[in-house]
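Overview (structure and organization)
One-letter residues, chain by chain:
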Amino acid sequence: MSWQNNGGNGERPNPWGNGPRGGGGGGEPPHIDEILKKGQDQLKAALPGGKGGVGLVFLIALLVWLASGIYEVETNEQAVVVQFGKWTESAQPGLHWHFPYPIETVEIQGVTTEKTVSVGNGRGESLMLTGDENIVEIKFNVVWKINDLGEYLFNLADPELTVKVVGESVMRELVGQNNITPIITTARGQLERDALQLIQSTLNAYQGGIDVLRVQIIESEAPDQVKDSFLDVQRAEADQQRLQNEAEAYKNDVVPKARGEAVQMVQQAEAYRAQTVARAEGQAARFISVYNEYSLAKNVTRKRIYLETMEEIMADMDKIILDNDKGTGVVPYLSLNELRKGNK
């Protein structure tokens, strides 16, 4: 009822009683249970059917049920909303709401935590066949984390087992493409990088919602049963490599020298040939010149040739002149060259 209604006498009624306000017979304030009862009566009147108690409980229950759909996703988490068992949406960090259970449920998991799967610890997992038909024992870890929680939960039945099986399969494929020596010695880093890329591409094809962070080879060596024999082979290969290096160094030292000597000999032969040809051509030209002079004056030319020849032959010889017209036949010979030496 309204407290603003006036009585017939123009006085406002007392809200706490039936008497008029003011002095003389005013009403007393009601107890608290009366106030609650009046409030309940008013709420009953406002609700449909007038069943206020049941409606109030229902309203409170509805509000509580709706409020239960509020959820928060931390910065290191992802959430997926499932409606009647079907993945409907994903939620990133922040405050969200969904239809409460049983209509929808929310799965929240951390996605920044690194997970590790070890391969090679089980029976037969570590033994792999190399490209040169040797057996190598490899143990390694695959480090990964969740990238997409929805794909991770709904596309893979057993994510950890899937990562392990894919990792083992990829490693066997790569080992089968390489020889045992680099796998054990120098190619481990490249093997890890190739395995990471191939594992990631395979999981992406499965839409597994997984990021592969690292592949770590913990152990790669020959099996214990053949380890000693393998070490002997390694030592033999090392000796072979050493001898090859020494032979290569000797070749690199000898071959350039031989090539240099060959070039020098060829150059000397070329020079000798040029010298000989030039000399022969000069002698031929001189002969032709002498022959031409001889054909013009045979006696003079013949005598000139004789004198030049004798001069060339006797240039470095001691000379004694014999003359039959003289007494002893010996004529003293005084060399003009010796006189020049004495004058000096």
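Residues numbered from 1 in each chain as written. Predicted model: local features only at pLDDT ≥ 70, side-chain atom pairs only at ≥ 80, totals over all residues. Heavy atoms only, no water.

1. Things to note about the overall build of the protein chain
Cut-off, in case you're wondering: Elements are defined by DSSP. Helices are runs of H or I of four residues or more, strands are runs of E of two residues or more, and each kind is numbered from the N terminus. Here's how the labels work: a residue is buried when its accessible area is under 20% of the maximum for its type, exposed when over 50%, partly exposed in between, all with a 1.4 Å probe on protein chains only. Any pair of residues with heavy atoms lying within 4.5 Å of one another is described as a contacting pair. Calculation of accessible area relied on Shrake-Rupley with a 1.4 Å probe; when residues are assessed, cover is drawn exclusively from the protein chains displayed.
Each helix and strand counted, the protein chain has 9 helices and 11 strands in total. Among the 344 residues that make up the protein chain, the fraction classed as buried is 20%. Long-range contacts, defined as pairs at least 24 residues apart, comprise 61% of the intrachain contacts of the protein chain with a sequence gap of at least 6. On the protein chain, roughly 25,000 Å² of surface is accessible, and the fraction owed to carbon and sulfur atoms is 55%.

2. Remarks on helix H4 (residues 159-175)
Just so we agree on the cut-off: To estimate the expected span of a helix, subtract one from its residue number and multiply by 1.5 Å.
With 17 residues, H4 ought to run about 24 Å at 1.5 Å a step, and its terminal C-alpha atoms sit 24 Å apart, in line with that. Turning to H4, its buried residues are Pro-159, Thr-162, Val-163, Val-166, Gly-167, Glu-168, Val-170, Met-171, Leu-174 and Val-175.

3. Some words on the sheet that holds strand S2 (residues 77-83)
This is how it is decided: Strands qualify as paired when DSSP identifies two bridges or more between them. Axis definition: a line fitted to C-alpha atoms, limited for helices to the stretch in contact. Angles are taken between N-to-C directions and run from 0 to 180 degrees.
Taken together, 3 strands build an open sheet; the order of strands is S3-S2-S5 and the sheet is antiparallel. In this open sheet, the two edge strands, each paired with only one partner strand, are strand S3 (86-91) and strand S5 (104-110). Each strand axis lies, on average, 25 degrees off the axis of its neighbour in the sheet, ignoring direction.

4. A look at the packing of H4 against helix H6 (residues 188-206)
A pair of packed helices is characterised by two quantities: the angle between their axes and the separation of those axes. Let me state the cut-off plainly: Relative orientations are named as follows: roughly parallel for angles under 35 degrees, roughly antiparallel for angles over 145 degrees, roughly perpendicular for angles from 65 to 115 degrees, and oblique for any other angle. Take the far helix as the reference: if the near one is turned anticlockwise from it by less than a right angle, the crossing is left-handed, and if turned clockwise, right-handed. Lys, Arg, Asp and Glu make up the charged group, whereas Ala, Val, Leu, Ile, Met, Phe, Trp, Tyr, Cys and Pro make up the nonpolar group; the residues left over, Gly among them, are polar.
Close contact between H4 and H6 brings their axes to 9 Å; oriented N to C, the two are set at 135 degrees. With respect to H6, the element H4 is oriented oblique. Here H4 runs over H6; the crossing is right-handed. Together, Thr-162, Val-163, Val-166, Gly-167, Val-170, Met-171, Glu-173, Leu-174 and Val-175 of H4 and Leu-191, Asp-194, Ala-195, Leu-198, Ile-199, Thr-202, Leu-203 and Tyr-206 of H6 make up the contact between the two elements. Here the residues of the contact of H4 with H6 are counted per class, giving 12 nonpolar, 3 polar and 2 charged.

5. Quick word on the nonpolar core
Note the following rule: Nine residue types can take part in a nonpolar core, namely buried Ala, Val, Leu, Ile, Met, Phe, Trp, Tyr and Cys, and a core is a set of them joined through side-chain atoms within 4.5 Å.
Formed by 33 residues in total, the largest nonpolar core has its most connected members in Ile-138, Phe-140 and Met-171. In contact with Ile-138, not counting residues within four places along its chain, are Val-119, Gly-120, Ser-126, Met-128, Met-171, Val-175, Ile-183, Leu-191, Ile-217, Glu-219 and Ser-220. Counting 5 residues, the second-largest nonpolar core is a separate cluster that includes Tyr-71, Val-73, Ala-79 and Ala-91.

6. Side note on the pattern of salt bridges
Rules: Here a salt bridge means any side-chain nitrogen of Lys or Arg lying within 4 Å of a carboxyl oxygen belonging to Asp or Glu.
Throughout the structure, instances matching the rule amount to 9 salt bridges. Ionic pairing is found between Lys-164 and Glu-125, a salt bridge with its closest N-O pair at 3.3 Å. Taken as a pair, Lys-164 in helix H4 and Glu-125 in the loop between strand S6 (115-119) and strand S7 (127-129) lie far apart in primary sequence, 39 residues in all. Of the charged contacts in the structure, one is a salt bridge between Asp-253 and Lys-257, with a shortest N-O distance of 3.9 Å. Within this pair, Asp-253 and its partner Lys-257 are both found in helix H7 (residues 227-296), separated by 4 residues, close to a single helical turn. Residue Asp-253 is classed as partly exposed on the basis of its relative accessible area of 41%.

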